[in-house]
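In case you want the letters, here they are:
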Amino acid sequence: GENVEQHPSTLSVQEGDSAVIKCTYSDSASNYFPWYKQELGKGPQLIIDIRSNVGEKKDQRIAVTLNKTAKHFSLHITETQPEDSAVYFCAASSSGTYKYIFGTGTRLKVLA
Amino acid sequence: GAGVSQSPSNKVTEKGKDVELRCDPISGHTALYWYRQSLGQGLEFLIYFQGNSAPDKSGLPSDRFSAERTGGSVSTLTIQRTQQEDSAVYLCASSLGSGGDNEQFFGPGTRLTVL
């Protein structure tokens, strides 16, 4: 069945450094790739998404890249801040279905 | 505007009791999802509702789990004869449309503890 692998499971960076989280998907029909941030005690919130007709999207300190050929997509956070500490989930889906296939999550810790 | 709301925020129950968890989706959202998140784990899909269509119950882990969505809005997830392994955070999400490229908006979750 469809699968999304996410790495690393935990990531610690110094404040101001960059963080990169990588995901690989298996379903070639996937064309929508959201990233969610989950803070402690809260539900996941969408922070950025990308569709398959573009290779990169940026929103201030956050960017996502997509390599459809390799079925890889990545989240890049630059100039990390303590408030970036959270669990991040990637997901893959397609307009032809309703299900998101979520990755297993990455716990990011930004050390002050 | 109001987001997805869930109640209760926390529920502690004894093994063998039944529990009901409530989700109020964003007004106008036709799609509604329930997920389960065990401690430190990812999001496990449970059930999906879309308009008046038959729900996709393929993720429900056992027949002790059931869910309803009345009037295309509020949804209730019921767990009968709760077991300790049911302890988890139960998340509800809604989206404007049924396509997978619609953003899912999550509620804050209900933390269920079965003693």
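See the structure above.
The model shown is predicted, which means the values in this text are computed figures rather than measured ones.

**Re unusual backbone geometry**
So, point 1. A cis amide bond links His7(A) with the next residue in sequence, Pro8(A), at an omega value of -5°.
So, point 2. By the element assignment, Pro8(A) lies in the loop between β1 (4-7) and β2 (10-14).
So, point 3. Geometrically, the link from Ser7(B) to Pro8(B) is a cis peptide bond, its omega value of -10° lying close to zero.
So, point 4. Inspection of the secondary structure assignment puts Pro8(B) in the loop between β1 (5-7) and β2 (10-13).

**So, the environment of Asn52(B)**
So, point 1. Assignment of secondary structure puts Asn52(B) in the loop between β5 (44-50) and β6 (65-69).
So, point 2. Spatially, the C-alpha atoms of Asn52(B) and Arg69(B) are 9.4 Å apart, while their sequence positions differ by 17 residues.

**Topic: the sheet that holds strand β8 (residues 72-77) of chain A**
Residues and elements named next belong to chain A.
So, point 1. As summarised here, the arrangement of the five strands in space is β1-β3-β8-β7-β6, forming an open sheet in which the pairing is antiparallel. The sheet terminates laterally at β1 and β6 (56-59), the two strands that pair on one side only. In this sheet, neighbouring strand axes are inclined to one another by 15° on average, regardless of whether the strands run parallel or antiparallel.
So, point 2. Bridge count for strand β3 (residues 19-25) against β8 is six bridges, and the pairing is antiparallel. Looking at β8, one finds that valine 20 is bridged to histidine 76.

**Side note on the interface of chain A and chain B**
So, point 1. Facing the 19 residues of chain A at the interface are 21 residues of chain B.
So, point 2. Each partner contributes to the roughly 1,600 Å² buried at the junction of chain A and chain B, and carbon and sulfur atoms together form 55% of this total.
So, point 3. Seen at the junction of chain A and chain B, the total is two salt bridges.
So, point 4. Lys99(A) serves as the salt-bridge partner of Asp56(B), at 3.9 Å between the closest nitrogen and oxygen.
So, point 5. Between the two partners, chain A and chain B, sit eight residue pairs in polar contact (both at pLDDT 80 or more).
So, point 6. Elements supplying a minimum of two residues to the side of chain A that touches chain B: β4 (32-38) and β5 (45-51) of chain A.
So, point 7. Top contributing element to the side of chain A that touches chain B by residue count: β4(A), with three residues.

**Some points on the sheet that holds β6(B)**
All names here are of chain B.
So, point 1. Read across the sheet, four strands follow the order β1-β3-β7-β6 without closing on themselves; strand pairing throughout is antiparallel. Because the sheet does not close on itself, it has two edges, and the strands there are β1 and β6. Pairs of neighbouring strands in the sheet enclose a mean axial angle of 15°, with direction left out of account.
So, point 2. In the sheet, β6 pairs with strand β7 (residues 75-79) via five bridges, with the strands oriented antiparallel. Following the sheet pairing, phenylalanine 65 is matched in β7 by isoleucine 79.

About the cut-offs
- Residues numbered from 1 in each chain as written.
- Chains lettered and ligands numbered in written order.
- Predicted model: local features only at pLDDT ≥ 70, side-chain atom pairs only at ≥ 80, totals over all residues.
- Heavy atoms only, no water.
- Helix = DSSP H or I, 4+ residues; strand = E, 2+ residues; numbered from the N terminus.
- Pairing = 2+ DSSP bridges.
- Axes fitted to C-alpha atoms, helices over the stretch in contact; angles between N-to-C directions.
- Contact = heavy atoms within 4.5 Å.
- Buried area = accessible area lost by both parts, 1.4 Å probe.
- Salt bridge = Lys/Arg side-chain N within 4 Å of Asp/Glu carboxyl O.
- Polar contact = N/O pair within 3.5 Å; in protein donor to acceptor, adjacent residues only side chain to side chain.

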